[in-house]
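So the chains spell out like this:
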Amino acid sequence: KLHEKEIDDIVAKMECAYSQVEEARGSPVQQPRAEIEFLAQAEAARNFMMSVLQSEKQDRQLLPRIFGGDCIRISRVRAVLEAVHVQCNGDRESQLRACFSACESVEQVLNDLGLGFALSLAQAREKERMSKRACKKFPQSKKSIMQIAEEEKERAPDMLKEKEKERESPTHTNSQQKAAAAALRDVVQQTAMAAKVAAVTAQATDPAAAAAAVA
């Protein structure tokens, strides 16, 4: 007989396998092994969900009893499926797609039962939980990097305002004025030096022109 504890155990194993996949990321030996374990648990979850869906004709209360209420169980399944990144090809891709499909079928029944709002809340909570879990355990994972990028993007307008204030501040204005004065002094000195060079050159050929250049 289908029971809540069975799917609870499967989802717990899926989440554990997800952690193993992330920890083994980049290892040519450990990563494929961890992905195989995750896909095995995903298939177990798919089989359980399909059994519940197929039992609806005999017991219409089974699905809402297991997956209804706060809708946390089915939302945990979706959250871990969306969080994991495996090297999908051939049979592996079809396994993941089959689990997603069974999950969507359960969600559709829950929506039809009027549990759409509870389902949306549970999905949001579980997605956030998985995201925090990934960032805490794997701080250099893609999720955490994307989160940091988003935070930097949000801070960008404030940083731009700070730069504008710096440009408008008296300190910044004074520094600009000092730089401009120094540049002007350089130009004056270079002009004077050019005049002297011209005078020396002209003296060798025309003393009258040299006197005019110095003046």
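Residues numbered from 1 in each chain as written. Predicted model: local features only at pLDDT ≥ 70, side-chain atom pairs only at ≥ 80, totals over all residues. Heavy atoms only, no water.

Q: Please explain the overall build of the protein chain as it appears in this structure.
A: A tally of regular secondary structure across the protein chain gives 9 helices and 0 strands. In sequence order, the secondary structure elements of the protein chain are arranged as α-α-α-α-α-α-α-α-α. Within the protein chain, buried positions represent 30% of all 215 residues. Long-range pairs, those at least 24 residues apart, make up 70% of the contacts in the protein chain with a sequence separation of at least 6. (Helix = DSSP H or I, 4+ residues; strand = E, 2+ residues; numbered from the N terminus. Buried < 20%, exposed > 50% of the residue type's maximum accessible area, 1.4 Å probe, protein only. Contact = heavy atoms within 4.5 Å.)

Q: Honestly, helix α1 (residues 4–23) in this entry has me stumped. Any pointers?
A: One turn of an α-helix holds 3.6 residues; hence residues three or four places apart share an orientation. Over its 20 residues, α1 runs 29 Å from end to end, which matches the ideal 28 Å to within 8%, given 1.5 Å per residue. The complete set of buried residues in α1 reads Glu-4, Ile-7, Ile-10, Val-11, Met-14, Glu-15, Ala-17, Tyr-18, Ser-19, Val-21 and Glu-22. (Expected span 1.5 Å × (residues − 1).)

Q: Explanation requested: the pattern of salt bridges in the structure shown.
A: Once the charged atoms of two side chains with opposite charge are near each other, the side chains can pair. All told, the structure shown has 13 salt bridges when counted by the stated rule. Arg-129 is paired through a salt bridge with Glu-126; the nearest N and O atoms lie 2.8 Å apart. Residue Arg-129 and its partner Glu-126 are located together in helix α6 (residues 116–137), separated by 3 residues, close to a single helical turn. Residue classification places Arg-129 among the partly exposed residues on the basis of a relative accessible area of 31%. The salt bridge involving Glu-128 is made with Lys-132; its shortest N-O contact spans 3.3 Å. Here Glu-128 pairs with Lys-132, and both are found in helix α6, just 4 residues apart, close to one helical turn. Taking the relative accessible area as the measure of exposure, Glu-128 reaches 43% and is therefore partly exposed. (Salt bridge = Lys/Arg side-chain N within 4 Å of Asp/Glu carboxyl O.)

Q: Looking at this structure, how should I read the side chain of Gln-41?
A: When you line up the elements, Gln-41 lands in helix α2 (residues 30–54). Ignoring anything within four residues of it in the chain, the contact list for Gln-41 reads Ile-10, Lys-13 and Met-14.

Q: What am I meant to see in the nonpolar core here?
A: Grouped burial of nonpolar side chains is what soluble globular proteins tend to show. Ranked by internal contacts, the top residues of the largest apolar core, which has 42 residues, are Phe-38, Met-49, Phe-67 and Ile-74. Counting only elements with at least two residues in this core, the list comes to α1, α2, α3 (62–67), α4 (72–83), α5 (91–112) and α6. Take this core: its biggest share by element is 9 residues, from α2. (Core = buried A, V, L, I, M, F, W, Y, C linked by side-chain atoms within 4.5 Å.)

Q: How should the packing of aromatic side chains be read in this particular structure?
A: Aromatic rings in a pair are described by how distant their centres are and how their planes are angled relative to each other. As enumerated under the stated definition, the model contains 1 aromatic pair in all. Ring centres of Phe-48 and Phe-67 lie 6.2 Å apart, and the angle between their planes is 75°; on these two criteria the pair is classed as edge-to-face. Highlighted residues: Phe-48 in helix α2 and Phe-67 in helix α3, separated in sequence by 19 residues. For Phe-48, a relative accessible area of 2% corresponds to the buried category. (Phe/Tyr/Trp six-rings, centres within 6.5 Å; stacked < 30°, edge-to-face > 60°.)

Q: Teacher, can you tell me more about the packing of α2 against α4 here?
A: Two measures define how a pair of helices packs: the angle their axes make with one another and the distance between the axes. For the pair α2 and α4, interaxial distance at closest approach is 12 Å and the crossing angle is 150°. Comparing the axis directions of α2 and α4 gives the class roughly antiparallel. Taken as a pair, α2 and α4 cross one another with a handedness that is left-handed. Residue-level contacts link Phe-38, Ala-42 and Met-49 of α2 to Ile-74, Val-77, Val-80 and Leu-81 of α4. Taken together, the residues of the contact of α2 with α4 break down into 7 nonpolar, no polar and no charged. (Axes fitted to C-alpha atoms, helices over the stretch in contact; angles between N-to-C directions. Parallel < 35°, antiparallel > 145°, perpendicular 65-115°, else oblique. Left-handed = near helix turned anticlockwise from the far one by under 90°. Nonpolar A, V, L, I, M, F, W, Y, C, P; charged D, E, K, R; others polar.)

Scope: geometric values only; no functional claims are made or implied.
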